[in-house]
Amino acid sequence: MFGFLKKIFKRKIREVAKSVTKKILEKKLSEKDLEEILGDLEISLLEADVAFEVSEKIKENLKKELVGKSVKRGRVKQIVLKTFKDTLLEILNLPKLDLVKFIKKSKKPVLILFLGFNGSGKTTSLAKVGYFLQKKGFSCVFAAGDSFRAASIEQLEEHGKRLGIKVIKHRYGADSAAVIFDAKKHAETRKIDVVLADTAGRTHVDRNLMEELKKVCRVNKPDLKVLVIDSLVGNDAIPQAKMFNEAVGVDAVMFTKIDINEKGGCILSVAHTIKKPILFLGTGQDYKSLKVFDAQEFIKKII
């Protein structure tokens, strides 16, 4: 997990420190002294799916700490390492969202809407969150709001059967807003804590589906809109995050396929772009493969 990104950060911290140390001959460092090594750093970060704006931020913070300052040789690596860590912490200093606490203090039922591109893993992620919430003592119902993709309802029903969670559905082609509305009414009647609602996958060109998603939000007023992103899409995650955030407003983000992601830079990129809480990381296929995101732990893994 994140092996590629980890290698790049470790190597670049070492290389920047070594290069800067060589240039320190009882003189202050100039921006020109750092040009080559920081240019190489930027290319490496882009290869790890770290957005240009994020790599620029790291570069600028390094310049701030090193340019025009007399630095003792022995402290260079320490300064570079600290600058990397502080920059990543700044990027990941996002609003906090503890899902369990949020549900406990909210009026029931709590409606959580799952959004995302085709193939991002929305339905499986929804099921994992259902399992997570069951283990925390909450009752749940699934809403089959994706009435467009072939076999989407059957997929959700299979998850529901395995978890013992009822699925509210209509026929294929039905109004998603109506399906989710009925699921909310079902939850209200039976005093169920949480409605987890699936939606159809969108792409950049699916204007009709995006309008339909806006209608779902207008009609049902979800308590949380969770964007599910496939972590393997790299920098394509940025326009995805922007598109959904601008269209309906994103409250939190989940990343899938983290277990097979050697890069991981898109997590930093999305965090920097829309500045929304990261709820979970999907780390495998089974229901237990869901990890609550911890910024400190993430940074520790890659540096």
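It should be noted that the structure appears before, not after, this text.
Keep in mind it's a predicted model, so treat the numbers as computed, not measured.

Engineer: How would you sum up empty space enclosed by the protein? Please name residues and give values.
Structural biologist: Within this structure, the stated rule accounts for one cavity of 30 Å³ or more. By volume, the largest cavity is sized at about 80 Å³. Looking at the largest cavity, it is lined by 10 residues, and the ones nearest its centre are Leu281, Lys291, Asp294, Glu297 and Phe298. Only β8 (290-292) and α12 (295-302) provide two or more residues apiece to the lining of the largest cavity. No other element matches the three residues that α12 contributes to the lining of the largest cavity. Residue composition of the lining of the largest cavity, by class: six nonpolar, no polar and four charged.

Engineer: Talk me through the pairing of strand β6 (residues 252-256); I want residue IDs and the actual numbers.
Structural biologist: Most of β6 sits inside the fold, with five of its five residues counted as buried. The two faces of β6 match: Ala252, Met254 and Thr256 on one face and Val253 and Phe255 on the other face are all buried. For the segment spanning strand β5 (residues 224-230), helix α10 (residues 237-247) and β6, crossover handedness is right-handed. The sheet contact formed by β6 and strand β7 (residues 278-282) spans three bridges and is parallel. In the strand pairing of β7, Phe255 is matched with Leu281. Following the chain from β6 across helix α11 (residues 265-274) to the adjacent parallel β7, one finds a crossover that is right-handed.

Engineer: Residues and numbers for a positive patch on the surface, please.
Structural biologist: On the surface, Arg14, Lys18, Lys22 and Lys77 cluster together to form a positively charged patch. Per-element tally for the positive patch: the top contributor is helix α1 (residues 3-23), with three residues. Position of Lys22 relative to the elements: it lies in helix α1.

Engineer: Outline the pattern of salt bridges, supporting the account with residue identities and numerical values.
Structural biologist: Summed over the entire model, instances satisfying the criterion amount to 15 salt bridges. The partner of Arg11 in a salt bridge is Glu15, and the shortest N-O contact between them spans 3.5 Å. You can see Arg11 and its partner Glu15 sitting in helix α1, four residues apart, about one turn around the helix. Classification of Arg11 as partly exposed rests on a relative accessible area of 30%. With a closest N to O distance of 3.7 Å, Glu158 and Lys161 form a salt bridge. Placement of both Glu158 and Lys161 in helix α7 (residues 152-163) is noted, with a separation of three residues, approximately one turn of the helix. According to the relative accessible area criterion, Glu158 is partly exposed, its value standing at 32%.

Engineer: Could you give me a rundown of the layout of surface pockets, with the residues and numbers involved?
Structural biologist: Think of a ball as big as a water molecule: rolled over the atoms, this probe shows where empty space is left. By volume, the largest pocket amounts to about 320 Å³. If you trace the largest pocket, you find 17 residues lining it, with Lys96, Leu97, Ile278, Val292 and Phe293 closest to the centre. Listed by contribution, the elements that provide at least two residues to the lining of the largest pocket are α5 (99-105) and β7. The element that contributes the greatest number of residues to the lining of the largest pocket is β7, accounting for three residues. Split by residue class, the lining of the largest pocket holds 14 nonpolar, no polar and three charged.

Engineer: Please give an account of α12 that cites residues and values.
Structural biologist: Those residues of α12 that fall on the buried side of the exposure criterion are Ala295, Phe298, Ile299 and Ile302. For α12, the arc enclosing every buried residue in end-on projection is 95°, short of the 170-degree limit, so these residues lie on one face. Opposite the buried face of α12, by more than 90 degrees, sit the exposed residues Gln296 and Lys300.

Engineer: Break down the sheet that holds β5 for me, citing the residues and quoting the values.
Structural biologist: Across the sheet, eight strands lie side by side as β3-β2-β4-β1-β5-β6-β7-β8; this open sheet has mixed pairing. This sheet does not close on itself; its edge strands, each paired only once, are β3 (167-168) and β8. Pairing of β7 with β8, which is carried by three bridges, proceeds in the antiparallel orientation. Looking at the pairing, Phe280 lines up with Val292 of β8. Relative to the sheet, helix α6 (residues 122-135) contacts β1 (110-115), β2 (140-143), β4 (194-197), β5, β6, β7 and β8, its axis offset from that of β4 by approximately 165°. The sheet strands contacting α10 are β1 and β5, and the helix crosses β5 at an angle near 165°.

The rules behind each value
Residues numbered from 1 in each chain as written. Predicted model: local features only at pLDDT ≥ 70, side-chain atom pairs only at ≥ 80, totals over all residues. Heavy atoms only, no water. 1 Å grid on protein atoms, 1.4 Å probe; cavity = no way out; pocket = protein on both sides within 12 Å on 5 of 7 lines; lining within 4 Å. Points joined across faces, edges and corners; volume = space filled by probe spheres on them. Helix = DSSP H or I, 4+ residues; strand = E, 2+ residues; numbered from the N terminus. Nonpolar A, V, L, I, M, F, W, Y, C, P; charged D, E, K, R; others polar. Buried < 20%, exposed > 50% of the residue type's maximum accessible area, 1.4 Å probe, protein only. Right-handed = clockwise from strand over helix to strand, strands pointing away. Pairing = 2+ DSSP bridges. Patch = residues over 30% accessible without salt bridge, like charges linked within 9 Å, V, L, I, M, F, W, Y side chains within 5 Å. Areas by Shrake-Rupley, 256 points an atom, 1.4 Å probe, with all protein chains shown as cover. Salt bridge = Lys/Arg side-chain N within 4 Å of Asp/Glu carboxyl O. Lys, Arg positive; Asp, Glu negative; His and termini not counted. Charge placed at Lys NZ, Arg CZ, Asp CG, Glu CD. Arc of directions from axis to C-beta. Contact = heavy atoms within 4.5 Å. Axes fitted to C-alpha atoms, helices over the stretch in contact; angles between N-to-C directions.

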